[in-house]
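# Topology and contacts: notes
Below, each chain spelled out in residue letters.
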Amino acid sequence: MTSNPADLTSADYLDGAREMHAAGRPYLAHLLAEEVAQRATDPAAARSIRAQFPAPARKD
């Protein structure tokens, strides 16, 4: 693991999103997955990532 966020890869962020989802932290999973989607060069891949980790509903 790196201590410098600039060294993280898309795979690192996606792994983190999966871990946060499994831990019941959907908002953190969404944020990590959004970083991956923004880095994606293929729009279809970005849509797929966003669909897997949608933003959780707000609890106002």
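Structure: above.
These lines cover the structure that appears in this document, whether it is placed above or below. Here the structure is a predicted model, which means the values were calculated and not measured.

This part covers the overall build of the chain. Tallying secondary structure elements over the chain gives three helices and zero strands in all. Sequence-ordered secondary structure for the chain, helices as α and strands as β, is α-α-α. For the chain, the spread of C-alpha atoms along the three principal axes comes to 35 × 30 × 20 Å. Of all 60 residues assigned to the chain, the portion counted as buried reaches 23%. Sequence separation of 24 or more characterises 38% of the internal contacts of the chain that already satisfy a separation of 6 or more. When the accessible surface of the chain is summed, it comes to about 4,400 Å², and 54% of that surface belongs to carbon and sulfur atoms.

Reading the values: rules and limits
Residues numbered from 1 in each chain as written. Predicted model: local features only at pLDDT ≥ 70, side-chain atom pairs only at ≥ 80, totals over all residues. Heavy atoms only, no water. Helix = DSSP H or I, 4+ residues; strand = E, 2+ residues; numbered from the N terminus. Buried < 20%, exposed > 50% of the residue type's maximum accessible area, 1.4 Å probe, protein only. Contact = heavy atoms within 4.5 Å. Areas by Shrake-Rupley, 256 points an atom, 1.4 Å probe, with all protein chains shown as cover.

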